[in-house]
Amino acid sequence: METKFKLKQSDKVVVLTGAGISAESGLKTFRDHDGLWENHRVERVATPEAFQSNPELVWKFYKQRYFQLPEVKPNPGHFALKKLEDYLEKNFFIITQNVDGLHYLVGNERVLEMHGSLRRSFCSKCKSKFKMEEIDLSPAIPVCEKCGGNIRPDIVWFGEMPYFLDEIDEILRKADYFLVVGTSGTVYPAAQFLNITKYNGAFTIGVNLEKPLNVDFIDEFHKGKSGEILPKLVDIWIGK
Ligand code: APR
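Now for a quick tour of the structure. Here the structure is a predicted model, which is why all the values come from computation and not from measurement. (Residues numbered from 1 in each chain as written. Predicted model: local features only at pLDDT ≥ 70, side-chain atom pairs only at ≥ 80, totals over all residues. Heavy atoms only, no water.)

## Considering the sheet that holds strand β7 (residues 129-131)
If you trace the three strands from one edge of the open sheet to the other, you get β7-β6-β8, paired in antiparallel fashion. With one partner strand each, in any of the chains shown, β7 and β8 (151-155) form the two edges of the open sheet. Mean inter-strand twist for the sheet, computed between neighbouring axes without regard to direction, equals 40°. Where strand β6 (residues 116-123) lies against β7, three bridges are found, and the strand directions are antiparallel. Residue serine 121 lies in a different strand from β7, and its bridge partner there is phenylalanine 130. Each of β6 and β8 touches helix α3 (residues 55-68); the most contacted strand, β8, lies at about 55° to it. (Pairing = 2+ DSSP bridges. Helix = DSSP H or I, 4+ residues; strand = E, 2+ residues; numbered from the N terminus. Axes fitted to C-alpha atoms, helices over the stretch in contact; angles between N-to-C directions. Contact = heavy atoms within 4.5 Å.)

## Observations concerning the nonpolar core
Counting 24 residues, the largest nonpolar core has Leu7, Leu81, Leu84 and Leu179 as its most contacted members. Elements with a minimum of two residues in this core: β1 (13-17), α4 (76-88), β4 (92-96), β9 (177-181), β10 (203-208) and α8 (226-237). Beyond its immediate stretch of four places on either side in the chain, leucine 179 contacts Val14, Val15, Leu16, Leu81, Ile205, Val207, Leu230 and Trp237. Counting residues in hydrophobic clusters, the runner-up holds 23 residues, among them Val58, Trp59, Leu118 and Phe130. (Core = buried A, V, L, I, M, F, W, Y, C linked by side-chain atoms within 4.5 Å. Buried < 20%, exposed > 50% of the residue type's maximum accessible area, 1.4 Å probe, protein only.)

## Looking at the state of the cysteines
Inspection of the entire model under this criterion finds zero disulfides. Cysteine 126 forms no disulfide, and the closest cysteine sulfur to it belongs to cysteine 144, at a distance of 3.7 Å. Cysteine 126 sits in the partly exposed class, given a relative accessible area of 33%. (Disulfide = S-S within 2.5 Å.)

## Remarks on the pairing of β9
When a strand is regular, its side chains alternate between the sheet's two faces. Summarising burial for β9: five of the five residues are buried, a large majority. Burial along β9 is two-sided: the residues Tyr177, Leu179 and Val181 and Phe178 and Val180 are all buried. The sheet contact formed by β1 and β9 spans five bridges and is parallel. Across the sheet, leucine 16 pairs through a bridge with valine 180, a residue of β9. Direction of pairing for β9 relative to β10: parallel, over a ladder of five bridges. In the sheet register, tyrosine 177 faces β10, and the bridge partner there is phenylalanine 203. A crossover connection joins β9 to the parallel β10 through helix α7 (residues 193-199); in handedness this β-α-β unit is right-handed. (Right-handed = clockwise from strand over helix to strand, strands pointing away.)

## Examining the sheet that holds β1
Hydrogen bonding along the main chain pairs the strands of a sheet, whether they run parallel or antiparallel. Across the sheet, which stays open at both edges, the six strands sit in the order β5-β4-β1-β9-β10-β11 with parallel pairing between neighbours. Single-partner strands in this sheet number two, and they are β5 (111-113) and β11 (220-223). On average, adjacent strands in this sheet sit at an angle of 15° to one another, irrespective of strand direction. Strands in contact with α4 are β1, β4 and β9; relative to β4, the strand with the most contacts, it is inclined by about 145°.

## Regarding the layout of surface pockets
In this structure, the largest pocket encloses a volume near 870 Å³. In terms of lining, the largest pocket is formed by 44 residues, of which the most central are Ala19, Thr29, Phe30, Arg31 and Ser184. Examining the composition of the lining of the largest pocket, we find that three residues originate from one element, α3, more than from any other. Residue composition of the lining of the largest pocket, grouped by class: 21 nonpolar, 15 polar and eight charged. For the lining of the largest pocket, the domains that each give at least three residues are domain 1 (1-27 + 74-115 + 162-240) and domain 2 (28-71 + 118-155). (1 Å grid on protein atoms, 1.4 Å probe; cavity = no way out; pocket = protein on both sides within 12 Å on 5 of 7 lines; lining within 4 Å. Points joined across faces, edges and corners; volume = space filled by probe spheres on them. Nonpolar A, V, L, I, M, F, W, Y, C, P; charged D, E, K, R; others polar. Domains from an automatic or database assignment.)

## Structural notes on the packing of aromatic side chains
The tally for this structure, following the rule as stated, stands at nine aromatic pairs. Judged by centre distance (6.1 Å) and plane angle (65°), the ring pair of tyrosine 177 and phenylalanine 203 falls under edge-to-face. With tyrosine 177 in strand β9 and phenylalanine 203 in strand β10, this residue pair connects regions lying 26 residues apart in the sequence. What makes phenylalanine 203 partly exposed here is its relative accessible area of 23%. An aromatic cluster of at least three residues, connected via ring pairs, comprises Phe5, Tyr177, Phe203 and Trp237. Between the NZ or CZ atom of arginine 110 and the centre of the ring of phenylalanine 93, over which it lies, the distance is 4.3 Å. (Phe/Tyr/Trp six-rings, centres within 6.5 Å; stacked < 30°, edge-to-face > 60°. Lys NZ or Arg CZ within 6 Å of the ring centre and 35° of its normal.)

## Here's the deal with the pairing of β4
Of all five residues in β4, five are buried; the element is thus mostly enclosed. Along β4, one buried face is formed by Phe92, Ile94 and Thr96 and the opposite face, lined by Phe93 and Ile95, is buried too. Relative to β4, β1 is paired through five bridges, and the arrangement is parallel. When the sheet's bridge partners are listed, threonine 17 is paired in β4 with threonine 96. Two strands pair when backbone bridges link them, and β4 and β5 are joined in this way by three bridges, in the parallel orientation. By the bridge assignment for β5, threonine 96 is matched with glutamate 113.

Structure below.
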């Protein structure tokens, strides 16, 4: 395993993860099965308009993914990033596009879930927040106990503003190293994080099954499975 550098504990390292880091945990990526779910385009289901016009269908999609989670186990790629946070502490951040919560499950704490989480929901009327396990999911559309409004999954849908963008922008500009794992680089704004970090002088590394769209901004690219590559890279980087 060839890599061009070693890390000091004072180095600021930011990681962007996408669906690919959870593929070896058994979760389909978005571009794997050409974005279809029960013959619905994901983009058709994961939108505010879909929730407005057919909330039952949208809840069916998210309940199915949520109830799958107990069988979904973190893989060596997730554990490698936990090891990296243990080494770098406050100089480490994970920005994830994933909503499966697996980074938290392995003990990472410095995680920004920019697209929300399957494990959270909120009332579309009074905006009260709920953990998914706190609400009654038996009705076709779960109802808010506080105001009677329709509860929705706490997922950032197409056309909605991702979470933490101001914090993410600040973190990206200060990064010494930016590592992109398991993302196709097709969805904005995450797809431009490579440009921002490179422009601000970071060394960029990519780990992906195939070359992502924005591979030209990657200084060191490792083609393959993150579950196999990341543990080896992290051990070299932290001098284990
Ligand atoms: N290891 C590393 N990379 C992998 C692996 C693996 N085991 N398996 C697949 N990949 C790569 C694929 O080659 C692909 O480039 O992961 C990438 C997954 O890309 P997408 O399916 O586009 O997922 P992602 O980039 O996370 O999508 C971004 O799009 O649909 C929206 O909001 C959704 O967060 C999602 C966003």
